[in-house]
Amino acid sequence: MDNWGYFWSSSAVRYMIAYLKGNFTTKTPTTVLVEVQGVGYEVNISLHTFSRIQALEKGTLLTCLLIREDAHILYGFYEQEEKDLFLHLISVSGVGAATARIMLSSLPPSEIARAIVQGNEPVLERVKGIGKKTAQRLVLELRDKLGRKQGAGLTGTDIPSLSHNTSEADALNALLALGIARSAAELALRKVTQSDPEITGVEQLIKRALQVM
């Protein structure tokens, strides 16, 4: 372990890039390109952060850099509370950055924190990739840590609805970017649109699809 960060499994999170402030040149539900003084940074985001920046042309994203043997991946967060929760989640054995991002795309950070603090494992198990044993580890390892943070930022409001309608193709692309197999993503989206055809916002399509998988 060096002075720049902390190691979890074979990866390290480093804080040499604490935040990015610039223009959001391209946004999708899973990534955003942030231009800072002529340099474009590709930043991985959750659906929660996307819902906060979708109407913004510029702004600030808090970041952490995940360093693996085969890649350096930059993650961005609109709120400090979400970043803190992300770091807590990936500190748990069996929860990688991809799974943590799916969790933050499936449920509001406040609901995840509340479920962990209350030991509500079934809520956690609703998230794709979180089985019973992983849910138990999340509660066991994070309950006390997050319990101390209740009332200090991890009890925010739910994700607001998107202001525009987008196509199922956008939702499908976002699910694929989250690492979900095309066949599973397409099946889940069909279930959602058939059960509630009035849902047209990409955020709600993705959240509901993740819940029915």
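That block above? That's the structure.
This one's a predicted model, so the numbers in the text were calculated from it and none came from an experiment.

Engineer: Can you walk me through the overall build of the protein chain in this structure?
Structural biologist: Helices and strands together make up the secondary structure of the protein chain, namely 9 helices and 7 strands. Across the protein chain, every contact between residues at least 6 apart in sequence was considered, and the portion connecting residues at least 24 apart equals 58%. Summing over all exposed atoms, the protein chain offers an accessible surface of approximately 10600 Å²; the carbon and sulfur share of this is 48%.

Engineer: Looking at this model, I keep getting lost on helix α4 (residues 109-118). Mind explaining?
Structural biologist: Each α-helix turn comprises 3.6 residues. Residues three or four places apart therefore point the same way. Of all the positions in α4, only Pro109, Ser110, Ile112, Ala113, Ala115 and Ile116 are classed as buried. Just downstream of α4 lies Gly119, where phi reads positive at about 70°.

Engineer: Any chance you could explain the side chain of Thr63 here in plain terms?
Structural biologist: Tracing the chain through its elements places Thr63 in strand β6 (residues 58-67). Relative accessible area serves as the criterion here: at 0%, Thr63 is assigned to the buried category. Engagement of the side chain of Thr63 in a polar contact is seen with the backbone oxygen of Ile17, the distance being 2.6 Å. Apart from the residues within four sequence positions on either side, Thr63 is in contact with Ile17, Ala18, Tyr19, Leu20, Leu74, Tyr75, Gly76 and Lys83.

Engineer: Looking at this structure, how should I read the pattern of salt bridges?
Structural biologist: Opposite charge on two side chains lets them pair, provided their charged atoms get close. With the rule as written, the count across this model stands at 6 salt bridges. Residues Lys132 and Glu121 are paired through a salt bridge, measuring 3.9 Å at the closest nitrogen-oxygen approach. Pair noted here: Lys132 is in helix α6 (residues 132-147) and Glu121 is in helix α5 (residues 121-125), with a separation of 11 residues, a long-range link. Residue Glu121 is classed as buried on the basis of its relative accessible area of 18%.

Engineer: Hey, could you run me through unusual backbone geometry in this one?
Structural biologist: Most peptide bonds take the trans form, and the phi angle of most residues other than glycine is negative. The phi dihedral of Gln37 falls on the positive side, at around 50°, and the residue is not glycine. Relative to the elements of secondary structure, Gln37 occurs in the loop between β4 (31-36) and β5 (39-44).

Engineer: Can you walk me through the packing of helix α3 (residues 97-106) against helix α9 (residues 202-212) in this structure?
Structural biologist: Where α3 contacts α9, the two axes come as close as 9 Å, and the packing angle between them is 115°. Taken together, the residues of α9 that come into contact with α3 (itself represented by Ile102, Ser105 and Ser106) are Lys207, Leu210 and Gln211. A class-by-class count of the residues in the contact of α3 with α9 yields 2 nonpolar, 3 polar and 1 charged.

Engineer: It is not clear to me how the environment of Leu87 should be interpreted in this structure. Could you clarify?
Structural biologist: Mapped onto the elements of the fold, Leu87 is located in helix α2 (residues 80-90). With 13 residues separating them in the primary sequence, Leu87 and Ala100 have C-alpha atoms 8.7 Å apart.

Engineer: What's the story with the pairing of strand β7 (residues 72-77) in this structure? I'm lost.
Structural biologist: For a regular strand, the rule is simple: side chains alternate between the two faces of the sheet. Taking burial as the measure, the 6 residues of β7 include 5 buried ones, the bulk of the element. Relative to β7, β6 runs antiparallel, the two sharing 6 bridges. Looking across to β7, one finds that Leu66 is bridged to Ile73. Hairpin connection of β6 to β7: 4 residues between the antiparallel strands.

Engineer: Mind showing me how you'd approach α6 here?
Structural biologist: Under the 1.5 Å per step criterion, the end-to-end length of α6 is 21 Å for 16 residues, consistent within 8% with the ideal 22 Å. Along α6, the sharpest change in direction is near 40° and occurs at Glu141. Taken together, the buried positions of α6 are Thr134, Ala135, Leu138, Val139, Leu142 and Leu146. Residues of α6 that are buried make contact with α2, α3, α4 and α5.

Engineer: Please clarify how the packing of aromatic side chains should be interpreted in this entry.
Structural biologist: Between two aromatic rings, the relevant description is the distance of the centres plus the angle of the planes. Across all of its chains, the model carries 2 aromatic pairs by this definition. On the numbers, 5.1 Å between centres and 35° between planes, the contact of Tyr75 with Phe86 is tilted. Note that Tyr75 is positioned in strand β7 and Phe86 in helix α2, a separation of 11 residues in sequence. For Tyr75, a relative accessible area of 6% puts it in the buried group. With centroids separated by 5.0 Å and ring planes inclined at 50°, the aromatic side chains of Phe77 and Phe86 adopt a geometry described as tilted.

Basis of the calculations
- Residues numbered from 1 in each chain as written.
- Predicted model: local features only at pLDDT ≥ 70, side-chain atom pairs only at ≥ 80, totals over all residues.
- Heavy atoms only, no water.
- Helix = DSSP H or I, 4+ residues; strand = E, 2+ residues; numbered from the N terminus.
- Contact = heavy atoms within 4.5 Å.
- Areas by Shrake-Rupley, 256 points an atom, 1.4 Å probe, with all protein chains shown as cover.
- Buried < 20%, exposed > 50% of the residue type's maximum accessible area, 1.4 Å probe, protein only.
- Polar contact = N/O pair within 3.5 Å; in protein donor to acceptor, adjacent residues only side chain to side chain.
- Salt bridge = Lys/Arg side-chain N within 4 Å of Asp/Glu carboxyl O.
- Axes fitted to C-alpha atoms, helices over the stretch in contact; angles between N-to-C directions.
- Nonpolar A, V, L, I, M, F, W, Y, C, P; charged D, E, K, R; others polar.
- Pairing = 2+ DSSP bridges.
- Expected span 1.5 Å × (residues − 1).
- Bend = angle between axes of the 7 residues up to and from the residue.
- Phe/Tyr/Trp six-rings, centres within 6.5 Å; stacked < 30°, edge-to-face > 60°.

Remember that the coordinates give geometry; whether it matters functionally is a separate question.
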